[in-house]
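Descriptive structure summary
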Amino acid sequence: SDDQRHQVASFILPKDVQTRVCCIDGAKEMYFRPEGHNLILVGCGVGAKHVDPDQYNEGIDEAHIEFTAERISARIPKMIEGQSQGGWAGFYDMTPDEKCLLGELPIQGLYINAGHSGTGFKTGPAAGLCLAELICDGAAKTVDIAPLHWARFAQGKKYYGAHPYSTSWHTGHTEKAKR
């Protein structure tokens, strides 16, 4: 896996800025989303790689707040007036293909739904539904989750979807259209 320290900045929305959208902005290599009624959370840049999850700084670096303020202001110019509320750093544990792990483990009745690392807020409901179908009905019916099985890496089978992002903002690499 590719362990990363990922920093997230929080800003107060200026009075004349209203945004209620969640957005992954590949062109600016960032994402942003509302938090409560007057904050926006912004994550951008590749995190520090190969961090020790038991010993790392959970705070945000001042230089990263400035970097993030410049990025969000390039997309929403009035955000230059947004006041920083600090931020934090979290831990991304990325699989080699940046896709989650879904399915039954080698212990009968034990299932995994993990490794979403930042994308779970969008894919979580569908992943949960498919896992429930697998557990209750013996197979996922809504979407075929077989390509996301935990053993794919041991089999040399990274998963690449039919419609990948042009560039991963985590790695800076373009996905190869192969399976």
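In this numbering scheme, every chain counts its residues from 1 along its sequence in written order. The predicted origin of the model limits local features to residues at a pLDDT of at least 70 and limits the giving and counting of side-chain atom pairs to 80 or more, whereas totals for whole chains, interfaces and linings rest on all residues. Each side-chain value is derived from all of the structure's non-hydrogen atoms; neither hydrogens nor water enter the calculation.

Two axes enter the bend calculation: one fitted to the seven residues ending at the residue in question, the other to the seven starting there, and the bend is the angle between them. For the purposes of this entry, the term helix denotes a DSSP run of H or I that reaches at least four residues, the term strand denotes a run of E that reaches at least two, and both are numbered from the N terminus. Along helix α2 (residues 120–137), the helix axis deviates most sharply at Ala 126, where the bend reaches about 25°. Exposure categories follow from relative accessible area, calculated using a 1.4 Å probe and restricted to protein chains: below 20% of the type maximum is buried, above 50% is exposed, and the middle band is partly exposed. Within the span of α2, buried status applies to Ala 127, Cys 130, Leu 131, Glu 133 and Leu 134. Just downstream of α2 lies Gly 138, where phi reads positive at about 90°.

Let us look at the pattern of salt bridges. Salt bridges are defined by distance alone: a side-chain nitrogen of Lys or Arg within 4 Å of a carboxyl oxygen of Asp or Glu. Tallied over the full model, the rule gives 7 salt bridges. Linking Glu 29 and Arg 71 is a salt bridge whose minimum nitrogen-to-oxygen distance equals 3.9 Å. In this pair, Glu 29 is assigned in the loop between β2 (23–25) and β3 (30–35) and Arg 71 in helix α1 (residues 62–75), connecting sequence segments 42 residues apart.

With that settled, consider the confidence of the model for the protein. Segments scoring low in pLDDT should not have their predicted coordinates read at a detailed level. A residue's pLDDT is the confidence the predictor assigns to it, expressed on a 0 to 100 scale. Scored by pLDDT, the protein has a mean of 85; 87% of the residues are at 70 or more. The lowest-confidence element of the protein is strand β5 (residues 48–49), averaging 68 in pLDDT; the highest-confidence one is α1, averaging 95.

The set of buried Ala, Val, Leu, Ile, Met, Phe, Trp, Tyr and Cys residues whose side-chain atoms join them within 4.5 Å is what this entry labels a nonpolar core. Of all hydrophobic cores here, the largest spans 14 residues; its most connected members are Phe 11, Phe 32, Ile 40, Val 42, Ile 72, Ile 76 and Met 79. Only β1 (2–12), β3, β4 (39–44) and α1 provide two or more residues apiece to this core. The dominant element in this core, judged by the number of residues it contributes, is β4, at 3 residues. Note on contacts: a residue pair is in contact if any heavy atoms of the two residues lie within 4.5 Å. Excluding residues that lie within four positions of it along the chain, Ile 72 makes contacts with Met 30, Phe 32, Ile 40, Val 42 and Met 79. Within the second largest apolar cluster, 9 residues are counted, among which are Leu 102, Ala 127, Cys 130 and Ile 145.

Next up on the list: the side chain of Asp 25. Mapping Asp 25 onto the fold places it in strand β2. Taking the relative accessible area as the measure of exposure, Asp 25 reaches 7% and is therefore buried. Engagement of the side chain of Asp 25 in a polar contact is seen with the backbone nitrogen of Ala 27, the distance being 3.2 Å. For the purposes of these results, a polar contact is taken to be a pair of N or O atoms within 3.5 Å, where, inside protein, one atom must be able to donate a hydrogen and its partner to accept one; residues adjacent in sequence count only when each atom of the pair is a side-chain atom. In terms of polar contacts, Asp 25 uses its side chain to reach the side chain of Arg 75, at 2.4 Å.

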